[in-house]
Amino acid sequence: MNRLTSARLLACVTLIGALCVPVMAADGASAQVPVKTFELDNGMKFLVVERPEMATVAAAWVAKVGSSDERPGITGLAHLFEHMMFKGTRTIGTTNADRDLEIIDEQEAVQEQVREVYAELRRAWRLGEIESPYDSENRPERLIELNKEFDKLVEEQRAIMIKDEFDQVYTEAGATFMNAFTSQDVTVYINTVPANKAELWFWMESDRLLNPVFREFYSERDVVYEERRLRTESTPTGKFNEMVTAMFWQSHPYSWPIVGWPSDLRVISKAQADQFFDTYYAPNNLTGVLVGKITVDEAKQLATRYFGRIPRGEIEPPDVVTLEMEQLAEKRMSGECDCPPQVEIRYHTVPFGHADSYALDVLSGVLNDRTGRLYKAMIEGAETASSARTRPDSGKWAGSFIFSAEAKGEATPPQLEAGWEAVLAELQKTPVGDQELRRVKNGFLADTFRSLENPFFVMIQLALFEGQGDWTYLNTIADRTEAVTAEDVLRVANKYFEPQSRVVAHYYREEGTSAEPVPPELAALPAAQQQQILGQLKQLTGMTDVAQLQAIVGQVEGQADQVPDEMKPAMQFMARKIKERIAELESSSDGEKN
Amino acid sequence: MKHFDSFPLRALVVLTLASVLVASAATAQPLPKHPNDLKYGELDFDIPRAEQYRHTLSNGSVAYVVEDKTLPLFTVGVRVRVGSFLEPADKVGLAALTGSMMRLGGAGDLDGGAFDERAAFLAANISSSIGTTSGRASVNCLSSQQAECLDLFFSMMREPAFDEVRLATEKTNRLERLKQRNDEASSIARREWQWLMYGKEHFSSRNVTGASLASITTSDLAEFHNSYWRPKSMIWTVSGDVDTQAVLKALDERLAGWTNEGAKDVPWPPPVPRNVPVPGVYVAQKEIPQGRVQIGSLTAQRKDWMAKDEMATDLMNEILGGGGFTSRITKRIRSDEGLAYSAGSQFGLSNYWAGQFAVFYQSKSETVAFAAEIAYEELERIRTSKVSDGELTTAKGAFRDSFPGNFESAASIAGLFAQDEYLGRPHEYWYTYQKRVDEVSADDILRAAKKYLKPEEMVFLVVGDWAEVEKGDADGRATMGQFFGGNANMLPERDPVTLEPVP
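Bear in mind that the values here come from a model prediction, so they are computed numbers and not experimental data.

### A closer look at the overall build of chain B
Point 1. If you tally the helices and strands in chain B, you get 18 helices and 12 strands.
Point 2. A buried classification covers 58% of the 503 residues belonging to chain B.
Point 3. When contacts within chain B are restricted to residue pairs at least 6 apart in sequence, long-range pairs at least 24 apart make up 81% of them.
Point 4. Working note: accessible area of chain B is about 19,900 Å², and carbon and sulfur atoms make up 51% of it.

Put into structure tokens, the structure is as follows:
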């Protein structure tokens, strides 16, 4: 393995302020993780990193399925499915597996009738007969009856259920970080088990793949709906982010939210979940990842014994075949929320692992952090932004590049947009300097080592990259990034940032959602005085007598000399505001004369 | 701790033998029917001993050094006895701003920009911060650049420049963040809960305002730093690709000549809040589709880390609402009823003053009351009847068998023992941890629940759309009228910058 400890001092270069620093070498020195791999007869792959000094094994398996594998009507299913995988199996979670399955069938029959009622309600809504198809306060009698019937079955099921046994078994064994996450491309199930209990992971994970029982499907669907309320509907920009994404992707299934559209969440059925499982959770679509105190031989024995029992899927899971249409015109949105004025600009770029993705990463590195161009142009000593950043976001099937910034003081979203355009124009005109490029690459190189410090994170990265198509990305990213030249950065800056291929979203603070922001000139005053001055300034809009206003200016400026120092900025501020009002009145009366 | 691809030969031989044994076992036996039938070997783990890593620097301060050559990186960190309790009441935010500006404002001859440039070129992650009752700083860097990185790190701590331009930028950026204090329901909840528990007078309840921020000058920062960021109270941690003796020498060299002359005394412990929370329902209005709820009260100040109550209350909370899906509140509110995505409880004794207990969840407006009813039922249950053997076994297993994970990295070993030193927690706490877990009985848990959980004394905070929350759900299962006689204290809407009530 190459280590950066061999990094030499190549040169001593002069930066601003005659600062002399070493340049770190980069000839082939990069982080490498020794990953051992094997594949079972049923097509399930395994990645193993042996870390004998650890007392635990960090373990995951990734299903190469995400929200982009859904279609309208079942959006949110990949994620809901992730929740369902914790509900147990024929062995785990019940004292009577046969009766449990019967009850689930009976519950399905009731839910089928519920969906029929919903279909009628949607029809009535289309015809304008009711306000909303899903209004809980005005439910039809039939729905209330069906819910009661369903609740009875739930109660009966609870009597034979071992509640949340899946979690209980792992927890009692000292396992930690039991969780899972769903993206647009992948679903990953993660865990850490004590090293002497590695077999437990093989038992539990193979059992939930071989004998899953999706009990409590409908209460879990409610949980996901609450998750949507929490993350999307109760946050300042959550619903807008959803709009921007939907506007950005025209044909590609990245357009809908991972959590799903609320109307789909209402009616997704267990039958649809079953079908989804059969297609995407077959072993030939899965990869296991183990990092910790386990050898590849031990892993192979256990994997063969446990996961080897699962039959290969009957069909190969289909690719996402819809390609994003070329964007022909710029798209724009403007919204108001409980948020600072801000802007988001998003460009179409390249998918994960694309040859240009490394240059786009470096381009982003040139822009970000306090040493980056955005901070220097828009934040430090500038009255434009309180924060500004870019982020390349490359999925398995398609990618984008996002600029976002929040305004400072009186600055507006159009000013933020103009600030970004100036920075971008410079990147498109002049190649980045050697020092700048070296600094960014040094950071990337060190970060490739930092990303290996935590074994759990190594496991997550392997699972994610494997799910996106290639785990070896972890071992090649450093060298590929190192190979990026200033010309590459110039080229991608000119290739991917055309105005017609972007979406621009402006956000303004919603009126009345919070008190008026206090101008910095008034910041030194006690709160009561601040409010008093702001109140007086508001009255200005009602005043039209220019002479009267000029008299007030005179008074204020006269007083400004006599007040204590800390109040002077406030007095000047008031005078300025009154003068602005005078100018406004004069220009509008000019207008009338013409 | 070994290199990724070159662990010693002896280990290799042992592991190969083990795999042969596994292989022969694999072909013969049928799979266990239930995971409880699995048989495990002993875990090969010894609790690291603090004295193995503890060193004294030439100025008398303590350093924990844990070598790990796996990757060519190292980290040096320091804990300092400082905090916002030391800032004047009319300069709220001074401590935190000093902590940030040490890193942002340049050092020695370097202004803020030049310092950042140098750190970025070295790929060094350097940080500093000051919280309510402690200060921290750290550097993480490639080991090949150890000397340069340590020079930069010590320069930041010994001679921060508090660059004027950087301070002005940081103040305007922070003012923008103040304006956002009402945007998220969680930020409103955090602020109001702190006030309800500890009152507004205690230093930990004070908030930065536009005025207090504006009043802070570079000379305030320099004075605060010079008074308190001094070597006398420092505890050091070093982890990663270092040689212990060499790194201790490197620290000593850079500490040389850094005296405590002119340092101010730090009165310790910090002042204690005097507030007695007033039970009742409190509402902060915000138009969102969910109510964000916290129900709880003060617990007690920790007197003894080794006391039985410490472990009994931790296990009690694990069973009540701290243990995810194995805990009662999560099972009932989330898993049974689908009323929330996140629901549980937190319990803590606290070092310098009384800690807190709280049940928390976020549920759609109409089911806030129904979820609360369930939460109160569970509070009552855990303080009136013993937890089951099964629950206790699960909770104890979780604590005992996940315990080795605390020592998984060199950084966590050094950090944990240094934190012992800072808090006055005996290292014995770790050495006997698993034994003390085993000693807790269901009676101990019942006693702890009775002692610390008093539902009638609890504060019930809701951030949400009160008109919708108050009504309860369409099925008539519960309404807010059930709690505290239906009385609700409406909290005033506050200006986000001044935090004064909006008229």
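### Comments concerning the overall build of chain A
Point 1. Per the secondary structure count, chain A includes 20 helices and 13 strands.
Point 2. Counting the 594 residues in chain A, one finds 58% classified as buried.
Point 3. Looking at chain A alone, contacts between residues at least 24 apart form 79% of all its contacts between residues at least 6 apart.
Point 4. As displayed, chain A offers around 24,800 Å² of accessible surface, 50% of which is attributable to carbon and sulfur atoms.

### A few points about the pattern of salt bridges
Point 1. Taken as a whole and judged by the stated rule, the model has 80 salt bridges over all chains.
Point 2. Across the pair A:Glu242 and A:Arg228 runs a salt bridge, and its minimum N-O distance is 2.7 Å. Of this pair, A:Glu242 sits in helix H7 (residues 238-248) while A:Arg228 is found in helix H6 (residues 217-233), placing the two residues 14 residues apart along the sequence.
Point 3. A salt bridge links B:Glu117 to A:Arg439, with the nearest nitrogen and oxygen atoms 2.8 Å apart. Of the two residues, B:Glu117 sits in helix H3 (residues 112-121) while A:Arg439 sits in helix H14 (residues 434-450), which places them in two different chains.
Point 4. Overlapping salt bridges bring together A:Lys87, A:Arg158, A:Lys163, A:Glu216, A:Glu220, B:Arg334, B:Asp336 and B:Glu337 as one network.

### Brief notes about the side chain of A:Lys87
Point 1. Inspection of the secondary structure puts A:Lys87 in the loop between helix H1 (77-84) and helix H2 (97-126).
Point 2. A polar contact is formed between the side chain of A:Lys87 and the side chain of A:Glu216, at a distance of 3.1 Å.
Point 3. Looking at A:Lys87, its side chain comes within polar contact range of the side chain of B:Ser335, at 3.4 Å.
Point 4. Excluding anything up to four places from it in sequence, A:Lys87 contacts A:Asp164, A:Val213, A:Arg215, A:Glu216, A:Glu220 and B:Ser335.

### Regarding H3(B)
Point 1. Counting buried positions along H3(B) yields eight of 10 residues, so the element is predominantly enclosed.
Point 2. Those residues of H3(B) not exposed but buried are B:Gly112, B:Ala114, B:Phe115, B:Asp116, B:Glu117, B:Arg118, B:Ala119 and B:Phe121.

### Here we look at the sheet that holds strand S9 (residues 331-337) of chain A
Residues and elements named next belong to chain A.
Point 1. The strand order across the open sheet formed by five strands is S9-S13-S10-S12-S11, and the pairing between neighbours is mixed. At either end of the open sheet lies a strand with only one pairing partner, and these are S9 and strand S11 (385-394). Taking the axes of each pair of neighbouring strands and ignoring which way they run, one obtains an average angle of 15° across the sheet.
Point 2. Docked against the sheet, H7 engages S9, strand S10 (342-348), strand S12 (399-407) and strand S13 (502-509), running at close to 175° with respect to S9.

### Describing the environment of A:Asp264
Residues and elements named next belong to chain A.
Point 1. Note that Asp264 resides in helix H8 (residues 262-267).
Point 2. According to the relative accessible area criterion, Asp264 is buried, its value standing at 10%.
Point 3. Sequence separation between Asp264 and Trp203 is 61 residues; the distance between their C-alpha atoms is 34 Å.
Point 4. Apart from the residues lying within four places of it in its own chain, the contact partners of Asp264 are Pro72, Gly73, Ile74 and Thr75.

### Side note on the packing of helix H11 (residues 357-367) of chain A against helix H17 (residues 486-495) of chain A
All names here are of chain A.
Point 1. With their axes 9 Å apart at the nearest point, H11 and H17 run at an angle of 95° to one another. Here H17 runs roughly perpendicular to H11, going by the angle between their axes. In this structure, H11 contributes Ala359, Leu360, Val362 and Leu363 to the contact, and H17 contributes Asp488, Val489, Val492 and Ala493.
Point 2. The residue makeup of the contact of H11 with H17, split by class, is seven nonpolar, no polar and one charged.

### Some thoughts on the environment of A:Phe81
Residue and element names in this part refer to chain A.
Point 1. Note on placement: Phe81 falls in helix H1.
Point 2. On the accessibility criterion, Phe81 (1% relative accessible area) is buried.
Point 3. The spatial distance from the C-alpha of Phe81 to the C-alpha of Phe214 is 8.9 Å, given a sequence separation of 133 residues.
Point 4. In this structure Phe81 touches Tyr189, Phe214, Ala273, Phe276, Phe277 and Tyr281, once residues within four positions along its chain are discounted.

### Things to note about unusual backbone geometry
It is generally the case that most residues other than glycine have a negative phi and that most peptide bonds are trans.
Residue and element names in this part refer to chain B.
Point 1. With an omega of 0°, the peptide bond running from Trp268 to Pro269 counts as cis.
Point 2. Within the secondary structure, Pro269 is located in the loop between helix H9 (244-255) and strand S7 (280-285).
Point 3. Here Phe162, not a glycine, exhibits a phi torsion of approximately 45°, which is positive.
Point 4. Its location among the elements puts Phe162 in the loop between helix H4 (146-158) and helix H5 (164-179).
Point 5. Positive phi values are uncommon outside glycine, yet Phe484 reaches one of about 50°.
Point 6. Looking at where Phe484 falls in the secondary structure, it is placed in the loop between helix H18 (466-471) and strand S12 (488-490).
Point 7. Note on Phe484: relative accessible area 29%, which makes it partly exposed.

### Comments concerning the domain arrangement of chain B
Residue and element names in this part refer to chain B.
Point 1. Along its sequence, chain B is organised into domain 1 (51-255) and domain 2 (280-490).
Point 2. The straight-line distance from the C-alpha centre of domain 1 to that of domain 2 is 32 Å.
Point 3. The interface is formed by 35 residues belonging to domain 1 together with 32 residues belonging to domain 2.
Point 4. Summed over both sides, the interface of domain 1 with domain 2 buries roughly 2,600 Å², with 68% coming from carbon and sulfur.
Point 5. Considering only the surface of domain 1 that becomes buried against domain 2, Tyr64, Trp193 and Tyr198 emerge as the three largest contributors, covering 25% of it.
Point 6. At the boundary of domain 1 and domain 2, one finds one salt bridge.
Point 7. The salt bridge partner of Arg54 is Glu421, with a shortest N-O separation of 2.5 Å.
Point 8. Scanning the region where domain 1 abuts domain 2 turns up 13 residue pairs in polar contact (both at pLDDT 80 or more).
Point 9. For the side of domain 1 that touches domain 2, the secondary-structure elements that each account for two or more residues are strand S2 (62-67), strand S3 (73-80), helix H6 (185-198) and strand S6 (235-240).
Point 10. Ranked by the residues each element gives to the side of domain 1 that touches domain 2, the list is headed by H6, at nine residues.
Point 11. Its residues assigned to classes, the side of domain 1 that touches domain 2 comprises 16 nonpolar, nine polar and 10 charged.

### Re the interface of chain A and chain B
Point 1. With 112 residues of chain A at the interface, the matching set in chain B holds 107 residues.
Point 2. Of the roughly 9,200 Å² buried between chain A and chain B on both sides combined, carbon and sulfur atoms contribute 59%.
Point 3. On the chain A side of the interface with chain B, the three residues burying the most area are A:Arg305, A:Arg370 and A:Arg450, jointly 7% of the side's total.
Point 4. Taken together, the connections running from chain A to chain B amount to 14 salt bridges.
Point 5. Summed over the shared surface of chain A and chain B, the result is 34 residue pairs in polar contact (both at pLDDT 80 or more).
Point 6. With 10 residues, H6(A) is the largest single contributor of residues to the side of chain A that touches chain B.
Point 7. By residue class, the composition of the side of chain A that touches chain B is 45 nonpolar, 27 polar and 40 charged.

### A few points about the packing of aromatic side chains
Point 1. On inspection of all chains with the given rule, the structure shows 58 aromatic pairs over all chains.
Point 2. On the basis of an interplanar angle of 70° and a centroid distance of 6.1 Å, the ring pair of A:Phe202 and A:Phe307 is categorised as edge-to-face. Taken together, the residues span a long stretch of sequence, with A:Phe202 in helix H5 (residues 198-210) and A:Phe307 in the loop between helix H10 (296-306) and S9 at a distance of 105 residues.
Point 3. Each ring, one from B:Phe403 and one from B:Tyr433, has its centre 4.8 Å from the other, and the planes form 10°; the classification is stacked. Taken together, the residues B:Phe403 in the loop between helix H13 (389-402) and helix H14 (410-423) and B:Tyr433 in helix H16 (residues 433-439) connect sequence positions 30 residues apart.
Point 4. Here B:Tyr433 falls in the buried class, since its relative accessible area comes to 11%.
Point 5. Taken together, the ring pairs in this structure connect A:Trp61, A:Phe81, A:Phe86, A:Phe166, A:Tyr170, A:Tyr189, A:Phe214, A:Phe276, A:Phe277, A:Tyr280 and A:Tyr281 into an aromatic cluster.

### Re the nonpolar core
Point 1. The biggest cluster of nonpolar side chains holds 145 residues, and the ones touching the most others in it are B:Phe153, B:Met157, B:Trp229, B:Trp236, B:Tyr361 and B:Phe460.
Point 2. There are two domains that each give this core at least three residues, and those are domain 1 (51-255) and domain 2 (280-490) of chain B.
Point 3. Ignoring sequence-local partners within four residues, the contact set of B:Trp236 consists of B:Leu57, B:Ser61, B:Val62, B:Ala63, B:Tyr64, B:Val76, B:Gly77, B:Val78, B:Phe153, B:Phe154, B:Met157 and B:Leu255.
Point 4. Core analysis: the second largest hydrophobic core is formed by 71 residues, A:Met85, A:Tyr134, A:Leu146 and A:Ala180 among them.

Criteria and thresholds
- Residues numbered from 1 in each chain as written.
- Chains lettered and ligands numbered in written order.
- Predicted model: local features only at pLDDT ≥ 70, side-chain atom pairs only at ≥ 80, totals over all residues.
- Heavy atoms only, no water.
- Helix = DSSP H or I, 4+ residues; strand = E, 2+ residues; numbered from the N terminus.
- Buried < 20%, exposed > 50% of the residue type's maximum accessible area, 1.4 Å probe, protein only.
- Contact = heavy atoms within 4.5 Å.
- Areas by Shrake-Rupley, 256 points an atom, 1.4 Å probe, with all protein chains shown as cover.
- Salt bridge = Lys/Arg side-chain N within 4 Å of Asp/Glu carboxyl O.
- Polar contact = N/O pair within 3.5 Å; in protein donor to acceptor, adjacent residues only side chain to side chain.
- Pairing = 2+ DSSP bridges.
- Axes fitted to C-alpha atoms, helices over the stretch in contact; angles between N-to-C directions.
- Parallel < 35°, antiparallel > 145°, perpendicular 65-115°, else oblique.
- Nonpolar A, V, L, I, M, F, W, Y, C, P; charged D, E, K, R; others polar.
- Domains from an automatic or database assignment.
- Buried area = accessible area lost by both parts, 1.4 Å probe.
- Phe/Tyr/Trp six-rings, centres within 6.5 Å; stacked < 30°, edge-to-face > 60°.
- Core = buried A, V, L, I, M, F, W, Y, C linked by side-chain atoms within 4.5 Å.

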